[in-house]
There are 2 protein chains.
Amino acid sequence: MANSPSGDSVTDRIVRVLETFTPSRSVQTAAEVGRRAGLPASTAHRIVGDLVEAGLLDRDGEGRISVGLRLWELATRSSHVLRVRQAALPAMERVQARVREHTQLAILEQDEALFLERLSDPRAGANITRIAGRLPLHASSSGLVLLAFAEPAVQERVLGGPLRRVSASTPTDPAAVRRKLAEVRRLGHAIAPGYIEEVSTGVAVPVRDDAGRAAAALSVVLPRDAVPALALEELHRAALEVERALRSPL
Amino acid sequence: MANSPSGDSVTDRIVRVLETFTPSRSVQTAAEVGRRAGLPASTAHRIVGDLVEAGLLDRDGEGRISVGLRLWELATRSSHVLRVRQAALPAMERVQARVREHTQLAILEQDEALFLERLSDPRAGANITRIAGRLPLHASSSGLVLLAFAEPAVQERVLGGPLRRVSASTPTDPAAVRRKLAEVRRLGHAIAPGYIEEVSTGVAVPVRDDAGRAAAALSVVLPRDAVPALALEELHRAALEVERALRSPL
DNA sequence: CCGCGGCTCCCGTTCAATGGGAGCGCGATG
DNA sequence: CATCGCGCTCCCATTGAACGGGAGCCGCGG
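Our subject in this report is the structure included herewith. (Residues numbered from 1 in each chain as written. Chains lettered and ligands numbered in written order. Predicted model: local features only at pLDDT ≥ 70, side-chain atom pairs only at ≥ 80, totals over all residues. Heavy atoms only, no water.)

1. Thoughts on the packing of helix H2 (residues 30-37) of chain A against helix H3 (residues 41-54) of chain A
When two helices pack together, their arrangement is given by the angle between the helix axes and by the axis-to-axis distance.
Residue and element names in this part refer to chain A.
Okay, so step 1: The interhelical angle for the contact between H2 and H3, taken along N-to-C directions, is 110°, at an axis separation of 9 Å. The orientation of H2 with respect to H3, classified from their angle, is roughly perpendicular. Read as a crossing pair, H2 and H3 show a hand that is right-handed. Contact residues: Ala30, Ala31, Val33 and Gly34 in H2; Ala44, His45 and Val48 in H3. (Axes fitted to C-alpha atoms, helices over the stretch in contact; angles between N-to-C directions. Helix = DSSP H or I, 4+ residues; strand = E, 2+ residues; numbered from the N terminus. Parallel < 35°, antiparallel > 145°, perpendicular 65-115°, else oblique. Left-handed = near helix turned anticlockwise from the far one by under 90°. Contact = heavy atoms within 4.5 Å.)

2. With respect to the pairing of strand S7 (residues 200-208) of chain A
All names here are of chain A.
Okay, so step 1: A large share of S7 lies buried, amounting to 8 of its 9 residues.
Okay, so step 2: The pairing of strand S6 (residues 190-193) with S7 spans 4 bridges and is classified as antiparallel. Bridge pairing in S7 links Ala190 to Ala204.
Okay, so step 3: Strand direction decides the pairing type here: S7 and strand S8 (residues 214-223), joined by 9 bridges, are antiparallel. (Buried < 20%, exposed > 50% of the residue type's maximum accessible area, 1.4 Å probe, protein only. Pairing = 2+ DSSP bridges.)

3. A look at the pattern of salt bridges
Okay, so step 1: According to the stated counting rule, one finds 40 salt bridges over all chains in the structure shown.
Okay, so step 2: As a salt-bridge pair, Glu19 of chain B and Arg70 of chain A come within 2.9 Å of each other at their nearest N and O atoms. Of this pair, Glu19 of chain B sits in helix H1 (residues 10-19) while Arg70 of chain A is found in helix H4 (residues 69-77), placing the two residues in two different chains.
Okay, so step 3: Notably, a salt bridge pairs Arg224 of chain A with Glu198 of chain A, separated by 3.4 Å at the nearest N-O pair. Linking Arg224 of chain A in the loop between S8 and helix H9 (229-247) with Glu198 of chain A in the loop between S6 and S7, this pair joins segments that are 26 residues apart in sequence.
Okay, so step 4: Overlapping salt bridges, with partners in common, bring together Glu19, Glu112 and Arg134 of chain A together with Arg70 and Glu73 of chain B in one network. (Salt bridge = Lys/Arg side-chain N within 4 Å of Asp/Glu carboxyl O.)

4. Here we look at the interface of chain B and chain A
Okay, so step 1: At the junction of the two partners, chain B supplies 47 residues and chain A supplies 47 residues.
Okay, so step 2: Buried surface at the junction of chain B and chain A, both sides included, amounts to about 4,500 Å², of which 66% is carbon and sulfur.
Okay, so step 3: Applying the counting criterion to the chain B and chain A interface returns 6 salt bridges.
Okay, so step 4: Close ionic contact of Arg134 of chain B with Glu73 of chain A constitutes a salt bridge, the shortest N to O distance being 2.7 Å.
Okay, so step 5: Counting every contact that joins chain B to chain A gives 10 residue pairs in polar contact (both at pLDDT 80 or more).
Okay, so step 6: When contributions to the side of chain B that touches chain A are tallied by element, the ones reaching two or more residues are H1, helix H3 (41-54), helix H4 (69-77), helix H5 (80-99), strand S4 (102-109) and strand S5 (112-119) of chain B.
Okay, so step 7: Broken down by element, the side of chain B that touches chain A gets its largest block of residues, 9 residues, from H4 of chain B.
Okay, so step 8: Its residues placed into classes, the side of chain B that touches chain A shows 27 nonpolar, 9 polar and 11 charged. (Buried area = accessible area lost by both parts, 1.4 Å probe. Polar contact = N/O pair within 3.5 Å; in protein donor to acceptor, adjacent residues only side chain to side chain. Nonpolar A, V, L, I, M, F, W, Y, C, P; charged D, E, K, R; others polar.)

5. Overview of unusual backbone geometry
Okay, so step 1: Even without being a glycine, Ala132 of chain A presents a positive backbone phi close to 65°.
Okay, so step 2: By the secondary structure assignment, Ala132 of chain A is in the loop between strand S4 (112-119) and strand S5 (134-136).

6. Examining H3 of chain B
Okay, so step 1: Taking 1.5 Å per residue as the helical rise, H3 of chain B with its 14 residues ought to reach 20 Å, and the 20 Å between its terminal C-alpha atoms agrees with that figure.
Okay, so step 2: Residues of H3 of chain B that are buried include every one of Thr43, Ala44, Ile47, Val48, Leu51 and Ala54 of chain B, and no others. Within H3 of chain B, the buried residues cover an arc of 125° as seen down the axis, which keeps them to one side. Opposite the packed face of H3 of chain B, turned more than 90 degrees from it, sit the exposed residues Ala41, Ser42 and Glu53 of chain B.
Okay, so step 3: Residues of H3 of chain B that are buried make contact with helix H1 (10-19) of chain A together with H1, helix H2 (30-37), strand S2 (57-59), strand S3 (65-67) and H4 of chain B.
Okay, so step 4: The first or second residue beyond H3 of chain B is Gly55 of chain B, which carries a positive phi of 90°. (Expected span 1.5 Å × (residues − 1). Arc of directions from axis to C-beta.)

What follows is the structure, given as structure tokens:
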């Protein structure tokens, strides 16, 4: 390879380039990509050009760069995500039809909750959760469920790290979060009033794998003071259905 | 870089590695990845290791390799696909609730139909379309719609290439496909009886962009001899709704 | 008209990447 | 029990893909 004064590998640079694209920055110039990826201008232009040629990035008629469809295709077609989403979608649709609120599917990824799907209801309030977006585990109902039913090592690691406040109601005291996790395990669900947004309550249940761990979390976002009974009933029923779908062979 | 006796770039090799993962081969050993990507064993192990470290691939407890969640996340979170899917999903759910058949969303990609979403109904028959899967344009109702309302250059390129037969009913004569495209433009929809599977009829309508091109295609898969009137009505209504959703600012 | 930023292209430099091979572990087979 | 085949890790001499500074062009805004 090349002499790389910075010592970076090509793989590292490609990942940094891809990481510059975010939900709020889905289109940018190659120069901007380079600056954000920490690359010299000519290197950035060259790497972006290579990725465009490979289909991982796309260059529009005005020369602006975005994530390419080929990347989405390669990332999706053989991904575990697709299987989980497809298993969950019918059940999520039913939850949403009955509860009439945003319905979400999340999994544990690198000590955070990663959202695989979100069915939005136009009548429901605004909601910051995004598909392919992340939320801290301690700060969301999905996250609490994923953490409560994770391996103890994950729990210790998360509780030993910083617990970021997302809203005034987010618990950040490790002991309080630990108690909350014990409650989630006892009840089999999590209720998180105002943890993310003051006006909303997240309600989540686990989708268990064969070992009893949370393979995923199903949740809805209710208005802050709504009674969660119906939502819990529908979510539990949905979770059983998703567990069944995930167990059946393809 | 490196002395690369084959002259391959690192980017090319990474793409070839990612391309070895398919819907029917979502898990494989690093050695298998290397063979399929045309790489020497030690090179394959090294590149796979780098991609695992970057999160683009994942290595399970038994050392088998699959596509990583990070890749899905990076590919999805800022992708145009997400916006189109989210705009279409409510309308697709309504079509499915009323028509009770598989409902699909496709876009044009590299002279093929790429499927972004498929809502499956358990009551519906089997269907080979897959999310993040492709079908030839001339051989599917979605593809016919995407092609009929594409730029003339795309039409000429596709009609000038091989038209692969997918089932006994797939049209492969360029003149016949050209006539079919004229019919699709005149009627504003495509009906494809048995083009993919003999027992099914695909019915598709375009989701138009501001220039009148097909930004996407919405379709359902009916039993071969079903009357398409209801499906067409629902699909057209859904398409208008998706067009409206795509026009509105985020 | 000038300054600025994006972009393409060139090319001397160099170390990241290459890949053959040694060696280990494991499972299957005779 | 010995042997074989395969996957995998690690080493390291080799080398050319990759690096990135800089020249130059173009378009745009002031």
